[in-house]
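Results of the structural survey
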Amino acid sequence: MDQADKVATPGHDVPPGAALPLLAAGAGAFDLLDGVRVLDLTTSIAGPYAGMLLGDLGAEVVKVERPGAGDDARAWGPPFLDGESLWFVAVNRNKRSVTLDITSAAGAEVLRGLIGQADVLLVNQPARSLAKLGLAPEQLRAARPELIHVSITGFGLTGERADHAGYDLIAEGYSGVMDLTGTPESEPQKVGAPAADMLAGQDAAMAAMAALFARARTGRGRSIDIALTDSMTRFLTCRIVPFLGSGEVPRRSGGRDSVIAIYQAFETADEPITLGLGNDGIWRRFWEAVGRPERGRDPSHGSNALRRAHRAAIVADIQDILRGRPRAEWLAAFAAARVPAGPINRVDQVVADPALIARGLFYQVEAQGTAMPQVGTGILLDGAANRPRLPPPRLGADTAAVLGEWLGLDAARVAALKAEGAL
């Protein structure tokens, strides 16, 4: 830990994040995209997450927000921390915030100037709105063919649903994931996180980086079209392809219908565990770990296909055995035997996991006197976790600085733009 870092100690009535390491911004941040400028015009989760990922990897990201209200997610709460929505804080580090009324003539002119300095433009308005604002890919890349234009919408920029509004929930319903989530007797359920948003944001960042790599060879930008529904549907690849090849429609099963015969949650004497016996070697080691080595050598269960044919009986036998000892004992025994198993953690248990904290996944960064909790990039580079360069920005905090650096506007011009209502 850097000398500038601190370990915060929570006191009375303070949030759990106050116990996380407080990292000094700057030193140790990834610089893989150093020199790349990203202009982020998006709101909510998917687009901002894409921008944050690019910022995490070293790009300079400027977030353009509406004067007064800003990103929609700034109002999503409670919970709030020091007046900031924690949903907003979750996906907006490593950015600077500029407030700009892009519907005004002066604001639109400033926006065109910013776009002229950007390598990547992130937008999340439907095709019709983009065209009205002059932000459609064909409009911008006609003048700047080197621009990488990245659109994230509910249904894409083309097709019969192009003008339909979409959110994560809507995409999850379209994709089929809700129909497969839950137990057979339950109603369809949304995934417990904004999965379509996060997947689409990751897809957008990945595509933008690939386009930057290609542009380094060709000098040509790209128009990238990401749809939440597409990204969420792709997430179901391993359920869709088996249906297409077999005709067997998957149904809700509470997660107990994996192609792997024994791959589910089990009860123990106290708390449940997950258990994944993914190959024949693990199958045999499991039975050795529970003191029944002869069962692992039984040829009638010697392959995954045979075990699937007898799944119900095997699951019942395993469940009887596991109820005999508490979770901690089983997890220790399975770890020693190299059998994949784990707890079913609540969120409060996840963020207290010392192994995850050690890998840099949870920390705090100071933002104007307030420590803001963060979930890290989840990538180690040359053995080191990423560190924040900038905290999530306050609304409009960087307007004057960015306009000066990117466009060369002095204080007098910035003041004039404010007086006109453009900023």
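Below: a short report on this structure.

What counts as what
- Residues numbered from 1 in each chain as written.
- Predicted model: local features only at pLDDT ≥ 70, side-chain atom pairs only at ≥ 80, totals over all residues.
- Heavy atoms only, no water.
- Helix = DSSP H or I, 4+ residues; strand = E, 2+ residues; numbered from the N terminus.
- Buried < 20%, exposed > 50% of the residue type's maximum accessible area, 1.4 Å probe, protein only.
- Contact = heavy atoms within 4.5 Å.
- Pairing = 2+ DSSP bridges.
- Axes fitted to C-alpha atoms, helices over the stretch in contact; angles between N-to-C directions.
- Parallel < 35°, antiparallel > 145°, perpendicular 65-115°, else oblique.
- Left-handed = near helix turned anticlockwise from the far one by under 90°.
- Nonpolar A, V, L, I, M, F, W, Y, C, P; charged D, E, K, R; others polar.
- Salt bridge = Lys/Arg side-chain N within 4 Å of Asp/Glu carboxyl O.
- Lys, Arg positive; Asp, Glu negative; His and termini not counted.
- 1 Å grid on protein atoms, 1.4 Å probe; cavity = no way out; pocket = protein on both sides within 12 Å on 5 of 7 lines; lining within 4 Å.
- Points joined across faces, edges and corners; volume = space filled by probe spheres on them.
- Core = buried A, V, L, I, M, F, W, Y, C linked by side-chain atoms within 4.5 Å.

Comments concerning the environment of G58
By secondary structure assignment, the location of G58 is in the loop between α1 (46-56) and β4 (60-65). For G58, a relative accessible area of 10% puts it in the buried group. In sequence terms G58 and G35 are 23 residues apart; their C-alpha atoms lie 8.0 Å from each other. Residues within four places of G58 in sequence aside, it is in contact with F30, D31, L33, D34 and R389.

Remarks on the sheet that holds strand β8 (residues 120-123)
Within the open sheet, the six strands sit side by side as β7-β4-β3-β8-β9-β10. Their pairing is parallel. A single partner strand is all that each edge strand has here, and the edge strands are β7 (96-99) and β10 (223-227). If you compare each strand with its neighbour and ignore which way they point, the axes differ by 20° on average. Bridge analysis of strand β3 (residues 37-40) against β8 gives three bridges, and the strand direction is parallel. Bridge pairing in β8 links L39 to L121. Here helix α17 (residues 399-407) sits on the sheet in contact with β3, β4 and β7, set at roughly 95° to β7.

Some details on the packing of α1 against helix α7 (residues 195-218)
Between α1 and α7, whose axes approach to 7 Å, the crossing angle comes to 45°. Considered as vectors, α1 and α7 are oriented oblique to each other. The two elements α1 and α7 meet at a crossing, and its hand is right-handed. Contact residues: α1 offers A46, Y49, A50, L53 and L54, while α7 offers D197, M198, A200, G201, Q202, A204, A205, A208 and M209. Taken together, the residues of the contact of α1 with α7 sort by class into 11 nonpolar, two polar and one charged.

Topic: the pattern of salt bridges
Pairing is possible between side chains that carry opposite charge, provided their charged atoms lie close to one another. What the rule picks out here adds up to 27 salt bridges. The residue E146 makes a salt bridge to R144 at a minimum N-O spacing of 3.0 Å. For E146, a relative accessible area of 28% translates into the label partly exposed. Between R295 and D317 there is a salt bridge, with the nearest N and O atoms lying 2.9 Å from each other. Residue R295 is found in helix α11 (residues 293-296), and its partner D317 is found in helix α13 (residues 311-322); the two are separated by 22 residues along the sequence. Under the relative-accessibility criterion, D317 is labelled partly exposed at 31%. Because the salt bridges share partners, they merge into one network encompassing E65, R74, D82, E84 and R394.

Side note on the side chain of D398
Of note, D398 is situated in the loop between β17 (384-385) and α17. No salt bridge forms around the buried D398; measuring N to O, its nearest opposite-charge neighbour R96 is 5.3 Å away. Beyond its immediate sequence surroundings of up to four residues, D398 is in contact with R96, S97, V98 and P393.

Some details on the layout of surface pockets
Estimated volume of the largest pocket: approximately 1500 Å³. In terms of lining residues, the largest pocket is bounded by 41 residues, among which A90, V347, V351, Q374 and V375 are the most central. For the lining of the largest pocket, the element with the highest residue contribution is strand β15 (residues 370-375), accounting for five residues. Classifying every residue of the lining of the largest pocket by side-chain character gives 31 nonpolar, seven polar and three charged. Approximately 710 Å³ is the volume found for the second largest pocket. If you go around the second largest pocket, you meet 35 residues; those closest to its centre are L41, T43, D72, N124 and Q125. Elements supplying a minimum of two residues to the lining of the second largest pocket: α1, β4 and β9 (148-153). Here the residues of the lining of the second largest pocket are counted per class, giving 14 nonpolar, 14 polar and seven charged.

Quick word on the sheet that holds strand β13 (residues 341-343)
Taken in spatial order, the three strands of this open sheet run β11-β12-β13, and their pairing is antiparallel. Either end of the sheet is taken by a strand with one partner, and the two such strands are β11 (263-266) and β13. Strand-to-strand twist of the sheet, defined as the mean angle between neighbouring strand axes without regard to direction, takes the value 20°. With four bridges joining them, β11 and strand β12 (residues 273-276) adopt antiparallel strand pairing. What sits directly across from Q264, in β12, is L275.

Quick word on the nonpolar core
Formed by 38 residues in total, the largest nonpolar core has its most connected members in V38, V120, V150 and I152. Where this core is concerned, the elements lending two or more residues are α1, β8, β9, α7, β10 and α8 (228-234). What V38 contacts, discounting residues up to four positions off in sequence, is L54, A59, E60, V61, V62, V120, L122 and W406.

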